[in-house]
Structure formats: structure tokens, C-alpha cells
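# Observations on the model geometry
Here's the letter readout for the chains.
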Amino acid sequence: MGLYPETEPYDHGMLDVGDGNHVYWETCGNPRGKPALVLHGGPGSGCGPYFRRLFDPARYRVVLLDQRGCGRSTPHAAEPGTDMSVNTTGHLMADLELLRRELGVDRWLVWGVSWGSVLGLRYAQTYPGVVSELVLTGVATGSDAEVDLLTRGLGQVFPDAFARFLAGLPEDDRDGNLAAAYNRLLESPDPGVRERAARAWTDWETAMASQPPRSVERYEDPVFRRGFARTVTHYFGNDHFMETDAVLRDAHLLAGIPGSLVQGSVDLGNLTGVVWRLHHAWPGSELTVVDEVGHSIGPESMTDALVAATDKYADR
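One structure accompanies this document, and this report is about it. Since we're looking at a predicted model, the values are computed, not measured.

## Notes on the environment of Ser132
Summarising the element assignment, Ser132 is placed in strand β6 (residues 131-137). Accessibility expressed as a relative area gives 6% for Ser132, which makes it buried. In this structure, the C-alpha to C-alpha distance between Ser132 and Ser301, residues 169 residues apart in sequence, is 26 Å. Excluding its chain neighbours within four sequence positions, the residues that come into contact with Ser132 are Lys34, Arg107, Trp108, Leu109, Ile257, Pro258 and Arg316. A distance of 3.1 Å separates the side chain of Ser132 from the backbone nitrogen of Leu109, its partner in a polar contact.

## Considerations on the pattern of salt bridges
Close approach of charged atoms allows side chains of opposite charge to pair. Enumeration according to the criterion identifies 22 salt bridges in this entry. The salt bridge involving Arg59 is made with Asp56; its shortest N-O contact spans 2.8 Å. Of the charged contacts in the structure, one is a salt bridge between Glu187 and Arg230, with a shortest N-O distance of 2.9 Å. Of this pair, Glu187 sits in the loop between α5 (178-186) and α6 (191-209) while Arg230 sits in helix α7 (residues 222-236); the two residues are 43 residues apart in sequence, bridging distant segments of the chain.

## Quick word on the pairing of strand β5 (residues 108-113)
Buried residues dominate β5, accounting for 6 of its 6 residues. Alternating positions in β5 separate into two faces, Trp108, Val110 and Gly112 on one and Leu109, Trp111 and Val113 on the other, with burial throughout. When strand β3 (residues 34-39) meets β5, the two strands line up parallel, connected through 4 bridges. In the strand pairing of β5, Val38 is matched with Trp111.

## Some details on the sheet that holds strand β4 (residues 60-65)
On the basis of which strands lie adjacent, the open sheet formed by 8 strands has the order β1-β2-β4-β3-β5-β6-β7-β8 and mixed pairing. The two strands at the open ends of the sheet, each matched to only one other strand, are β1 (11-18) and β8 (285-290). Each adjacent strand pair in this sheet contributes to an overall mean axis angle of 20°, direction not counted. Packing of helix α1 (residues 89-102) onto the sheet brings it into contact with β1, β2 (21-29), β3, β4 and β5, and relative to β1 it is tilted by some 130°. The strands that helix α10 (residues 300-313) touches are β3, β4, β5, β6, β7 (259-264) and β8; relative to β7, the one it contacts most, it runs at about 180°.

## Regarding the packing of α6 against α7
For the pair α6 and α7, interaxial distance at closest approach is 9 Å and the crossing angle is 75°. One way to sum up the angle between α6 and α7 is to call them roughly perpendicular. Between α6 and α7, the contacting residues are Glu195, Ala198, Arg199, Trp201, Thr202 and Glu205 on the first element and Arg225, Arg226, Phe228, Ala229, Val232, Thr233 and Phe236 on the second. Its residues assigned to classes, the contact of α6 with α7 shows 6 nonpolar, 2 polar and 5 charged.

## Focus on the nonpolar core
Ranked by internal contacts, the top residues of the largest apolar core, which has 41 residues, are Leu134 and Leu278. Setting aside chain neighbours within four positions, we find Leu134 in contact with Val110, Gly120, Leu121, Ala124, Leu254, Ile257, Pro258, Gly259, Ser260, Trp282 and Tyr313. Counting 30 residues, the second-largest nonpolar core is a separate cluster that includes Leu166, Tyr182, Ala197 and Trp204.

## Some details on the side chain of Asn87
Note on placement: Asn87 falls in the loop between β4 and α1. A polar contact is formed between the side chain of Asn87 and the backbone oxygen of Arg68, at a distance of 3.1 Å. With near-sequence residues (within four places) excluded, Asn87 lies in contact with Arg68, Gly69, Leu92, His234, Tyr235 and Phe241.

## A few points about unusual backbone geometry
The phi torsion of most residues other than glycine is negative, and most of the peptide bonds are trans. Between Gly42 and Pro43 the backbone carries a cis peptide bond, its omega angle lying at 0°. Assignment of secondary structure puts Pro43 in the loop between β3 and β4. Between Thr74 and Pro75 the backbone carries a cis peptide bond, its omega angle lying at -10°. Checked against the element boundaries, Pro75 lands in the loop between β4 and α1. Positive phi, close to 60°, is recorded for Asp19, a residue that is not glycine. Here Asp19 shows up in the loop between β1 and β2. For Asp19, a relative accessible area of 48% translates into the label partly exposed.

## Here's the deal with helix α9 (residues 274-281)
Residues of α9 that are buried include every one of Val274, Val275 and Leu278, and no others. Angularly, the buried residues of α9 cover 100° about the axis, an arc narrow enough to put them on a single face. Contacts made by the buried residues of α9 are with α2 (115-126), α3 (144-151), α8 (246-249), β7 and β8.

Rules of the game
- Residues numbered from 1 in each chain as written.
- Predicted model: local features only at pLDDT ≥ 70, side-chain atom pairs only at ≥ 80, totals over all residues.
- Heavy atoms only, no water.
- Helix = DSSP H or I, 4+ residues; strand = E, 2+ residues; numbered from the N terminus.
- Buried < 20%, exposed > 50% of the residue type's maximum accessible area, 1.4 Å probe, protein only.
- Contact = heavy atoms within 4.5 Å.
- Polar contact = N/O pair within 3.5 Å; in protein donor to acceptor, adjacent residues only side chain to side chain.
- Salt bridge = Lys/Arg side-chain N within 4 Å of Asp/Glu carboxyl O.
- Pairing = 2+ DSSP bridges.
- Axes fitted to C-alpha atoms, helices over the stretch in contact; angles between N-to-C directions.
- Parallel < 35°, antiparallel > 145°, perpendicular 65-115°, else oblique.
- Nonpolar A, V, L, I, M, F, W, Y, C, P; charged D, E, K, R; others polar.
- Core = buried A, V, L, I, M, F, W, Y, C linked by side-chain atoms within 4.5 Å.
- Arc of directions from axis to C-beta.

Set out below in C-alpha cells:
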């Protein structure tokens, strides 16, 4: 099956979402096609051209954006003066609604990866009338158990990397909320403290995401590294700005919205069982498990499954 050919946006812009923030957006594909919204991961990863290729450009009108504080949106989280108090799940959902109205979209398919699946699920639960379908991969729900797994639980799997991760924090902060502790360092007025914390956080992300650990190119960009680490720890350290286990608790609100969950069989996030619990709590969802794939959308078997999912809904 494979990816669709590369395509360029036919329109783009900077949306004034308030609070001094401007969000970058672009549209590609068929201007009269089925609207689809792409939500990147992170939080703070930003969107890239690869995502466009998961949709048939003849049948979809694909909308991509860089969420607040990342990518081409301004101000960037890497800038120490950027106000992160106005970067929350509630703010991001309001941005999506503002963009939908700006583009004249009534309803759209929502596609999300990793953090984007958390945001997509909560958006659909909050605004069910505007979401036609959901396609989610690297599925997460933003629960306390997932954050605990990613910041502490996987230390048993990667003990050497975890020891280095803990060593980046003051001793008094090593037994508490590790994301919040790192976020305090990333909010330090000292640029050296911020840089060391960003490097330690992305080194830990690399150790978890790569088997065996390897360099991740985007983390070598100091602007990306600082903005990403600051944004992730801001969300992780504040319960994703949602009530505890809100997405799973409110899974019944997704009834009537068809959904495809495409998950790698060796995605470490599966250790919490959240994907299976979400699938069973969400009537109308389908779960596809892709063998021998982790928390990545790069392998051919994963891209084939994701393209199959968007193809399925293209003419619906």
C-alpha cells in the first residue's frame, strides 16, 4: 500500500488565538475533499510533511498545525519569556475550534499520534458534534499511570539511563514528581541550568524510544530540545491539565464516533493496558495491533495500517 506521494500545502497562515499566541496552520490535498485534522505528538513536537502522506490527496482536505509554543507557532516555548500558563489542554482545544471555524469546516476526521491522541480524544469528548471519526496511533490517554510509567516505571527496563536521568535533579526532588522537578529546572533563569535539564530529559526520551538507544536527530537542535522538554514537562507535571483519568472515565462520550486505534505491539505505553481498556470502553472503535513495532509511525507495516485507516473513512 505505502504512503501517498509528497504534496505541498495550497494554503497556510498564522491564526491569532489570543494570549499573544499565533498558531501556524496549513492545508493540503483537495480543497473540496473530506476535512481531516492532524494532531502531532509531544506535547511540543510540531508537525511535519510526513503526516500529509498518510491521506489520499484526491479525497482529503488535510489540515495540519503546530500547537502553541512549537514548530512555526509563536512565541516558541524555547524562549524563556514565553508564558506557559496559557498553554494547556483547554487552550489547545479552543485553538482547534477557532481554526475549524476560520477554515469553514463543519466536521472533520481527527488524526492523532501519542500526545496528539490524548488531545484528539479529549477534543472529541468535549466537542463530539464536530468530530466525524478518529484515527489514533501511539495511543495514550494522559492518565497518571502513563506518566508514572514514562517518568519512573521504565527505570527498571533502562536502569543505566534512568540513573543518569535522576542524577540530573537535586537529590531532594528525586522521590517526587519527576516531570514537575525537571520543569522547575527548565523554568530557571539560568540558561545553563535550562540547557542541562533539556539535554537530560531528551536523553531519557531517547533511551525509552530507541531499542537499542541511539541519537535522535531532532534532539540535536537546541531550540527544539529546549522547547520540547519545557512543554512536555509542563504537561506531564500538571496532569495534562485534565482531571485524573478523564479520558478513560468519559470514554462513553465517544459513542457514535467511529474510531481506528492503530498500535505497535511493542509500544512501551502498552504496559499500562490503556489501549485495550479504551477500545473496550469505546463502542464503535476498532483496534489494529501491528506486530514488532514500538512507539513509532515510521515502519512500513505501521504506515500501511495507518493509510488503510484513513482510506477506510475517505468516502464516508
